[in-house]
There are 4 protein chains.
Amino acid sequence: MTEQRIAADVVAADNDRRAAALNADYATLGEKLDRDGIDIEVITQKVASFHVAVPSWGVGTGGTRFARFPAPGEPHDIFDKLDDCAVIHQLTRATPTVSLHIPWDKVDDLRRLKAHADALGLGFDAINSNTFSDAPGQEKSYKLGSLSHTDAATRRQAVEHNIECIEIGRALGSKALTVWIGDGSNFPGQSHFTRSFERYLDSMKAIYQHLPANWRLFTEHKMYEPAFYSTVVQDWGTNYLIATELGEKAFCLVDLGHHAPNVNIEMIVARLIQFGKLGGFHFNDSKYGDDDLDTGSIDPFRLFLVFNELVDAEERRAEGFAPAHMIDQSHNVTDPVESLMRSANEIRRAYAQALIVDRAALDTFQEDNDALMASETLKAAFRTDVEPILAQARLRTGGAIDPIAAYRASGYRRKVAEQRPAVASGGGGIV
Amino acid sequence: MTEQRIAADVVAADNDRRAAALNADYATLGEKLDRDGIDIEVITQKVASFHVAVPSWGVGTGGTRFARFPAPGEPHDIFDKLDDCAVIHQLTRATPTVSLHIPWDKVDDLRRLKAHADALGLGFDAINSNTFSDAPGQEKSYKLGSLSHTDAATRRQAVEHNIECIEIGRALGSKALTVWIGDGSNFPGQSHFTRSFERYLDSMKAIYQHLPANWRLFTEHKMYEPAFYSTVVQDWGTNYLIATELGEKAFCLVDLGHHAPNVNIEMIVARLIQFGKLGGFHFNDSKYGDDDLDTGSIDPFRLFLVFNELVDAEERRAEGFAPAHMIDQSHNVTDPVESLMRSANEIRRAYAQALIVDRAALDTFQEDNDALMASETLKAAFRTDVEPILAQARLRTGGAIDPIAAYRASGYRRKVAEQRPAVASGGGGIV
Amino acid sequence: MTEQRIAADVVAADNDRRAAALNADYATLGEKLDRDGIDIEVITQKVASFHVAVPSWGVGTGGTRFARFPAPGEPHDIFDKLDDCAVIHQLTRATPTVSLHIPWDKVDDLRRLKAHADALGLGFDAINSNTFSDAPGQEKSYKLGSLSHTDAATRRQAVEHNIECIEIGRALGSKALTVWIGDGSNFPGQSHFTRSFERYLDSMKAIYQHLPANWRLFTEHKMYEPAFYSTVVQDWGTNYLIATELGEKAFCLVDLGHHAPNVNIEMIVARLIQFGKLGGFHFNDSKYGDDDLDTGSIDPFRLFLVFNELVDAEERRAEGFAPAHMIDQSHNVTDPVESLMRSANEIRRAYAQALIVDRAALDTFQEDNDALMASETLKAAFRTDVEPILAQARLRTGGAIDPIAAYRASGYRRKVAEQRPAVASGGGGIV
Amino acid sequence: MTEQRIAADVVAADNDRRAAALNADYATLGEKLDRDGIDIEVITQKVASFHVAVPSWGVGTGGTRFARFPAPGEPHDIFDKLDDCAVIHQLTRATPTVSLHIPWDKVDDLRRLKAHADALGLGFDAINSNTFSDAPGQEKSYKLGSLSHTDAATRRQAVEHNIECIEIGRALGSKALTVWIGDGSNFPGQSHFTRSFERYLDSMKAIYQHLPANWRLFTEHKMYEPAFYSTVVQDWGTNYLIATELGEKAFCLVDLGHHAPNVNIEMIVARLIQFGKLGGFHFNDSKYGDDDLDTGSIDPFRLFLVFNELVDAEERRAEGFAPAHMIDQSHNVTDPVESLMRSANEIRRAYAQALIVDRAALDTFQEDNDALMASETLKAAFRTDVEPILAQARLRTGGAIDPIAAYRASGYRRKVAEQRPAVASGGGGIV
């Protein structure tokens, strides 16, 4: 039986207070959708089946190069982190898997880790390698590159690290490796673009050879940061080249915050779907750069437009379409558990809104070039308040109608703050 | 013998005044380069052999959606335009070819056009089709798309227009077709991204079938404008997909002003070279969007960095590397002839600076990750004042040491202003 | 009695079909808001009282520098335009005033114009001067500047044009002059920033002297276009300096599309309110530059955040707070009447959503630095579907429940297409 | 007598090898400038008198939120840092002052610090307060704000810290306080823009009261980071409001990397000069955000355009014009001493290029609206290779002809690496 980090009665009590209003709102919404020919139960069912992975590193407080301001009760190791992740899933029922980051989450005893996750009812999503920082005691530094480094021994070390990640993932039940590197340059001339990319491709091919048959390899592009002039995997164009060079198990991961200003991300998603190379997402939101803010907090309509592409592909059964969904955020000023719960919720919201788009009408408006009504068709779905569907999906699967309220009522943060020693502040001076 | 639109003695008189100083500066620069192991004559020879095409539409005054302010002596037809282009080439010796835009430059008698160009010593570069505006009397409108239009008849018309462009180009000696379309959407939902792109690819394949064996097909991407939400060929990633879908005669054209803010364009150039799909350039400069300003006027270092990639590819004999160079600018406040002459000069300047980069040193610094000295190696070349090389290259090939001065001394603009009736102002109200 | 361009029975018939559903939805929403302590009737009343001006030029089809694609039934003069504006107001009841653009809307007989507007039940909002294009027969050209031109006679002409605009506005009942200029430069060095701005301020002071006592002067900033290197009134900082230099009747106008990428516009709005200089808005939406798309079509949450500032100021009775609301869009692919109706609706939607923000709770969350709940408080209001309020406000004031549907049912566009001769296409070649 | 960290004979030996070539190049350049009516000695003298402050924190290796990769010989305290700064000044003769950051550079014995600086021939520039990170043992955290915090006690602590900085600065001979805060919000709703700014202004007024009569107060704006939705001092408009609210000793500091994409920074500089509020600069370069790269390494023409404004103001003796110059960079992949030496050099380069602009010609071209020749006038100065002037200025004042070469020849980094224990890596996990 699954261990629960939040007492069931706390959740039940909070749910009880909210059930009547929810049921009323749900019934009303059901009637409204019914007028439009939509069966609310179908939507609720799909939403309840929609899951997104939580990043293990997301449950700690994030920071910037200027500072990190720790919060009470921060997790100390992957066991603490899994506990926090379990809370998120207990209340949202949307996040049954956790994505690990190696070496941050490295443990001596993988069986014990697996057992801890099993007890909490959690599985393991894609495993993330890390060659953008140096681990203590590491022989070769990644200061000037990893998989694309000019030094063969450094590249080999980075390749071996990725292979080790695959091994760890196999032991834990992961089915994918996610590779994001910080390799790039800070000055024109520092790197030879072509040779760097050739070295990168060689390294990736070496890793790909070790990929189990039923695994997928996700590569993630990013415009800039930590490199500030050029980045080896800088955009979806390069990412697509990687995925085609590597083979049919290689796919492109889209992080919503990794693009140039003003870029039409949903169109990139559509292109990757069309050419069979969409691996999945790192969800977050941003206003300026890779801000890693809570998903849907800055531009919820953009998130909806991404899901509009995903549902479109789902409904027309686009070939090879099977994206992996993960959250990747930095929680600098909020309780990470709260931010992750609401982010999971926002992702489901966008999915639900996209599900109720009248696609037959949309097709006709597109065919007729009725730009205004096509636009309105999407807007009508977007402005529908689907919260009753989301809450019902949670309630029916054992979660909380209002996860934030239930979480606060539980006193979880206060309790772990008592149990877990304070983590040091830091980051000051890394300007 | 080539007809000259500017009297030879005017040019000679201006050159005479400047020759002594030029020769002194050239000798000094030669000595300086010699200290660095560079033979100035090799550079001058390469610069003299470097040519860039002039756009026929560039010799008219440009404008914005708010207004177009005509200037005296604007060309009325392609014959006038060729005269202006001949002036540019006479003084710079850098622009022996003209790129036409159909139907703007359409004539009844192609032989007469060819003869006029021959007389002026001009050839024809890539021919540009136009399906982003409606020609008078055109059956189907391109208001809502052309090659990607939902209506098959409209697509067919656009395909046929491109085939006609190929025919015109064959008659004139062109060897390439450039396709830039404005197709896209202004609102989320208006277009189905995938179906639009499928239709576009189908249309392009139909055009590609008509491409002569020794021709190339250039497709040009652009982030936005005239479409303001999505654009079918929005970035180099999509452009690369097009080129690979079409075949080995299809290549990507890079317009320096068609990218998202902050994008590293030189890296895109490197990627396209690496994967054998760089077709060439539309040169201009920009600060905000597709500003179409004079090449090198806003960010000359960026232009140099692009040429650094080109020279690098040239020197390591990258496979299939043969970019086509063209200027594409909008001259709203300057005399177009002057802007085009200096732009051609700026392009050669960037080329010359890139030629004197110490590539052996650069390789070593890159291999050693000496970021500072690698950066300095490029900066040292960039800050070398290569104007004596450019001027000498012009002088030796019969051009002007100072093309702007010679042009102004010739009174050309005043003369054509007397001969050519004024062109109406316009654009007001197209907000 | 007001002349109506759409037959009342057409509207009534369409409303009848929708009234039952609307009333049900309205009742449900009322109950939901009541649970949160909000009286829906108060909101509906405020929404019904909220008006936004329509731009006379907005009812014609817009275009880009590449092309303008005309549509059937385009208005030929300001009388036609007023007819179209009357339709917008008849169906939305949100747009009782029209903003003119001189000289585009100049007429010989202002009394006749006023009478036409009166008959249609329309008034006149701010009057817009135009010194960014040349009118036929104009003595001095604005090609190289107007109010900031280096030539004193050109500046004088531009000043006099603005004074004439004030006179026209007085005759028509306007109470404000809006000044937006295209002055700037395309190349570094072209303009002396300081001297240009001094000249601009001198010109504006001359205009300000002629401003009637009960008028306001609105100046509008814009980052770029039509000038592509520098713009004299480039941002809110410069706009604020202008308003303070001119005096207490001078205010800053905020066009949502006139800012740099990623800029936090709602914060600029807050600053201008705080320092007593917010004049009002030109509403539209954009993804890249000054795209002038339909308000709320690209980033509806941003529009809501702007209104969140406005309602905040309204409720705390910020001193001198009285913004003027106007739409300023370019309708390139839609029926302008339809786009303007839905844009007026979107503006009211954002207003209604901002009205239902729980400001007491928000204050507490802000005071407590509960970032997550503060964010959620805004999101909760934003995701409320307030369409029943907007529809009810229209219905009760004599408009249409679904203005687009009623408009299409009326056949208005078809009728005017028969009456009004086709307007020529254009714009091709102004690249 | 000044202590020298690099042996004089090492520098002399390197200079000797380069003197002949330098003198030849200097003579040639002198002749060329003489042809244009410019006395090279005047330029060299001005360049030799131009100084820029070095940031104490700049001599340590920087990092990002992802990682910091330490380098050999990193300074451990402000005494080590001053040693490194002394090397920079010894070789460049351009950086006689150091800007401190408190509490990073806090010491018990200010007299000892002053004596150390005196011995090295260094003075102290503006002192920087730090309320964007928490110092160990600090009572109130700045996690959710400092000078604008909702909590009065936190604001008071931040005010007192700034007052302490003034006291430290007084003891060391500083004449200015620089205040940059990270205050802002990550989510819409988190902060009340107006109340936050009111609190900020109140705090700043309290600090301003303690400013000595002959001091200046510099406030620095920044668009984003570490706050990712809103920033209290977000742009020059707000910065200008602050400076005017505070009084005549308050000025705006411009960091070249703190603006929105595409913003015309030189125009902001011109506006601040015109309205008497330009305090000075934090020099660096950037391609994406606040990248803090070496000055002039990414867009040297932009740096030149900023100096074009500064020299223009200097030559027309703009009232109150006395900007303070400082470098503010993050050296992640280079030896910080090398990066700071070349950055100081690049700043002088831009200054020298701006000094040789033919301003009389430029004025005429601007007055005549000869955009092309105005643009060319700036470009002609920019492309002049002024390195001989810079080198001569260094040589004549006791520095190195080639500071990087002399520094590398000296083995300084190797020596301090032996003396200074390694600093820990870090930053991993602050995602």
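Just so you know, these numbers come straight off a predicted model, no measurement behind them.

Quick look at the overall build of chain A
For step 1, the next point in the chain: Within chain A, the secondary structure is distributed over 15 helices and 11 strands.
For step 2, the next point in the chain: The C-alpha radius of gyration computed for chain A amounts to 22 Å, which stays within 12% of the reference 22 Å derived for 431 residues, consistent with globular compactness.
For step 3, the next point in the chain: On the principal axes, the C-alpha backbone points of chain A span a range of 65 × 60 × 40 Å.
For step 4, the next point in the chain: For chain A, with 431 residues in total, the buried portion stands at 70%.
For step 5, the next point in the chain: Partitioning the intrachain contacts of chain A with sequence separation of at least 6 by distance along the chain shows that 79% fall at a separation of at least 24.
For step 6, the next point in the chain: Working note: accessible area of chain A is about 13600 Å², and carbon and sulfur atoms make up 49% of it.
For step 7, the next point in the chain: Seen as two clouds, the 45 positive and the 61 negative side-chain charges of chain A have centres 3 Å apart.

Looking at the relation of the copies chain B and chain D
For step 1, the next point in the chain: Overlaying chain B with chain D gives an RMSD of 0.0 Å, the required rotation being 180° about an axis along which the chain moves by 0.0 Å. These values place the two chain copies in the arrangement generated by a two-fold rotation axis.
For step 2, the next point in the chain: An overlap of 100% is found between the interface residues of chain B and their copies at the interface of chain D, pointing to a shared contact surface.

Description of the packing of helix H10 (residues 336–355) of chain B against helix H13 (residues 387–396) of chain B
How two helices pack is summed up by the angle between their axes together with the distance between the axes.
Residue and element names in this part refer to chain B.
For step 1, the next point in the chain: Contact pair H10 / H13: the axes reach a minimum separation of 9 Å and the direction vectors enclose 120°. Overall, the two elements H10 and H13 adopt an arrangement that is oblique. The element H10 and its partner H13 pack so that their crossing is right-handed. The segment H10 lies against H13, with Asn345, Arg348, Arg349 and Ala352 engaging Glu387, Leu390, Ala393 and Arg394.
For step 2, the next point in the chain: Across the contact of H10 with H13, the residue classes tally to 3 nonpolar, 1 polar and 4 charged.

Quick look at the relation of the copies chain A and chain D
For step 1, the next point in the chain: Laying chain A over chain D is done by rotating through 180° and shifting 0.0 Å along the axis; what remains is an RMSD of 0.0 Å.
For step 2, the next point in the chain: Comparing interface residues between copies, 100% of those in chain A also lie at the interface in chain D; the contact surface is shared.

Some words on the pattern of salt bridges
For step 1, the next point in the chain: Following the criterion strictly, the structure yields 152 salt bridges over all chains and no others.
For step 2, the next point in the chain: Taking the shortest distance from any N to any O, the salt bridge between Arg408(A) and Asp370(C) comes out at 2.7 Å. Of the two residues, Arg408(A) sits in helix H14 (residues 403–410) while Asp370(C) sits in the loop between helix H11 (359–367) and helix H12 (371–382), which places them in two different chains.
For step 3, the next point in the chain: For Arg408(A), a relative accessible area of 38% corresponds to the partly exposed category.

Quick word on the environment of Arg394(C)
All names here are of chain C.
For step 1, the next point in the chain: Take Arg394: it is sitting in helix H13 (residues 387–396).
For step 2, the next point in the chain: Between the C-alpha atoms of Arg394 and Ala13, which are 381 residues apart in sequence, the distance is 15 Å.
For step 3, the next point in the chain: Not counting residues up to four positions away in its chain, the partners in contact with Arg394 are Leu91, Thr92, Arg93, Asn345, Arg348, Glu387, Gly399, Ala400, Ile401 and Pro403.

Points about the UniProt feature "domain: Xylose isomerase-like TIM barrel" (unreviewed entry) in chain A
For step 1, the next point in the chain: Per the UniProt annotation, the sites labelled "domain: Xylose isomerase-like TIM barrel" (unreviewed entry) are residues 107–292 of chain A.
For step 2, the next point in the chain: Along residues 107–292 of chain A one finds 38% helix and 16% strand; the C-alpha atoms at either end are 27 Å apart.

Let's talk about the interface of chain B and chain D
One frequently used descriptor of interface size is the decrease in accessible area upon assembly of the parts.
For step 1, the next point in the chain: The interface of chain B with chain D comprises 39 residues on the first partner and 39 residues on the second.
For step 2, the next point in the chain: Taken as a group, Asn262(B), Leu372(B) and Arg383(B) account for 21% of the area that chain B buries against chain D, more than any other trio of residues on that side.
For step 3, the next point in the chain: Two residues, Glu346(B) and Arg383(D), come together in a salt bridge whose shortest N-O distance is 3.9 Å.
For step 4, the next point in the chain: Counting across the chain B and chain D interface gives 14 residue pairs in polar contact (both at pLDDT 80 or more).
For step 5, the next point in the chain: When contributions to the side of chain B that touches chain D are tallied by element, the ones reaching two or more residues are helix H1 (8–35), helix H9 (300–315), H10, helix H12 (371–382) and helix H14 (403–410) of chain B.
For step 6, the next point in the chain: No other element matches the 7 residues that H12(B) contributes to the side of chain B that touches chain D.

Brief notes about the side chain of Lys379(D)
For step 1, the next point in the chain: In this structure, Lys379(D) sits in helix H12 (residues 371–382).
For step 2, the next point in the chain: The residues touching Lys379(D), leaving out its near neighbours within four places in the chain, are Gly296(B), Ser297(B), Pro300(B), Glu346(B) and Phe301(D).

Observations regarding the sheet that holds strand S3 (residues 123–124) of chain B
All names here are of chain B.
For step 1, the next point in the chain: Reading across from one edge, S1-S2-S3 is the order of the 3 strands in this open sheet, with parallel pairing throughout. The open sheet has two edge strands with one neighbour each: strand S1 (54–55) and S3.
For step 2, the next point in the chain: Looking at chain direction, strand S2 (residues 97–99) and S3 are connected through 2 bridges and run parallel. Note that in S3 the partner of Val98 across the bridge is Phe124.

Thoughts on the interface of chain A and chain D
For step 1, the next point in the chain: At the junction of the two partners, chain A supplies 55 residues and chain D supplies 55 residues.
For step 2, the next point in the chain: Overall, the association of chain A and chain D removes approximately 4600 Å² of surface from exposure, summing both partners, and the carbon and sulfur fraction of that is 68%.
For step 3, the next point in the chain: By the criterion of area lost to chain D, the three top residues of chain A are Phe69(A), Lys143(A) and Tyr288(A), representing 16% of everything that side buries.
For step 4, the next point in the chain: In this assembly, chain A and chain D are joined by 6 salt bridges.
For step 5, the next point in the chain: At the junction of chain A with chain D, the criterion picks out 11 residue pairs in polar contact (both at pLDDT 80 or more).
For step 6, the next point in the chain: Looking at the side of chain A that touches chain D, its residues break down into 25 nonpolar, 18 polar and 12 charged.

With respect to the sheet that holds strand S7 (residues 216–220) of chain C
Residues and elements named next belong to chain C.
For step 1, the next point in the chain: In space, the 6 strands of this open sheet follow the order S4-S5-S7-S9-S10-S11, with parallel pairing throughout. The outermost strands of the open sheet, each flanked by one partner alone, are strand S4 (127–128) and strand S11 (324–327).
For step 2, the next point in the chain: Here helix H7 (residues 236–246) sits on the sheet and contacts S7 and strand S9 (250–255); the angle it forms with S9, its principal contact strand, is near 160°.

Describing a negative patch on the surface
All names here are of chain A.
For step 1, the next point in the chain: Residues Glu31, Asp34, Asp36, Asp39 and Asp358 make up a contiguous surface patch of negative charge.
For step 2, the next point in the chain: By the secondary structure assignment, Asp34 is in helix H1 (residues 8–35).
For step 3, the next point in the chain: By relative accessible area, which is 54% here, Asp34 ends up exposed.

Points about H14(A)
For step 1, the next point in the chain: Across the 8 residues of H14(A), 6 count as buried, placing the element largely inside the fold.
For step 2, the next point in the chain: In the core, the buried residues of H14(A) are packed alongside H1, helix H3 (78–92), helix H10 (336–355), helix H13 (387–396) and helix H15 (412–419) of chain A together with H12 of chain C.
For step 3, the next point in the chain: Gly411(A) lies just past H14(A) and shows a positive phi near 70°.

Points about the environment of Arg155(D)
Residues and elements named next belong to chain D.
For step 1, the next point in the chain: Position of Arg155 among the secondary structure elements: in helix H5 (residues 152–172).
For step 2, the next point in the chain: With 66 residues separating them in the primary sequence, Arg155 and His89 have C-alpha atoms 38 Å apart.
For step 3, the next point in the chain: Leaving out residues up to four positions away in the same chain, Arg155 has contacts with Ser146, Leu147, Ser148, His149, Thr150, Arg199 and Ser203.

Points about the state of the cysteines
For step 1, the next point in the chain: Across all of its chains, the model carries 0 disulfides over all chains by this definition.
For step 2, the next point in the chain: Left unpaired, Cys165(C) is separated from the closest cysteine sulfur, that of Cys85(C), by 18 Å.
For step 3, the next point in the chain: Judged by relative accessible area, Cys165(C) falls into the buried class, the value being 0%.
For step 4, the next point in the chain: The structure places no disulfide on Cys252(C), whose sulfur is separated from the nearest cysteine sulfur, that of Cys252(D), by 17 Å.

Here's the deal with the pairing of strand S7 (residues 216–220) of chain B
All names here are of chain B.
For step 1, the next point in the chain: Counting buried positions along S7 yields 4 of 5 residues, so the element is predominantly enclosed.
For step 2, the next point in the chain: Of the pairings in the sheet, the one linking strand S5 (residues 176–179) to S7 comprises 4 bridges and is parallel in character. Among the inter-strand pairings, Val179 is bridged to a residue of S7, identified as Thr219.

Some points on the confidence of the model for chain A
For step 1, the next point in the chain: Summarising the model, chain A shows a mean pLDDT of 97, and 98% of its residues fall at 70 or more.
For step 2, the next point in the chain: Confidence estimates for the predicted assembly give a pTM of 0.98 and an ipTM of 0.97.

Criteria and thresholds
Residues numbered from 1 in each chain as written. Chains lettered and ligands numbered in written order. Predicted model: local features only at pLDDT ≥ 70, side-chain atom pairs only at ≥ 80, totals over all residues. Heavy atoms only, no water. Helix = DSSP H or I, 4+ residues; strand = E, 2+ residues; numbered from the N terminus. Rg over C-alpha atoms; globule rule 2.2 N^0.38 Å. Buried < 20%, exposed > 50% of the residue type's maximum accessible area, 1.4 Å probe, protein only. Contact = heavy atoms within 4.5 Å. Areas by Shrake-Rupley, 256 points an atom, 1.4 Å probe, with all protein chains shown as cover. Lys, Arg positive; Asp, Glu negative; His and termini not counted. Charge placed at Lys NZ, Arg CZ, Asp CG, Glu CD. Least-squares fit on C-alpha atoms with pLDDT ≥ 70 in both. Axes fitted to C-alpha atoms, helices over the stretch in contact; angles between N-to-C directions. Parallel < 35°, antiparallel > 145°, perpendicular 65-115°, else oblique. Left-handed = near helix turned anticlockwise from the far one by under 90°. Nonpolar A, V, L, I, M, F, W, Y, C, P; charged D, E, K, R; others polar. Salt bridge = Lys/Arg side-chain N within 4 Å of Asp/Glu carboxyl O. UniProt positions renumbered as here; feature names shortened; annotations may be inferred. Buried area = accessible area lost by both parts, 1.4 Å probe. Polar contact = N/O pair within 3.5 Å; in protein donor to acceptor, adjacent residues only side chain to side chain. Pairing = 2+ DSSP bridges. Patch = residues over 30% accessible without salt bridge, like charges linked within 9 Å, V, L, I, M, F, W, Y side chains within 5 Å. Disulfide = S-S within 2.5 Å. pLDDT = per-residue confidence, 0-100.

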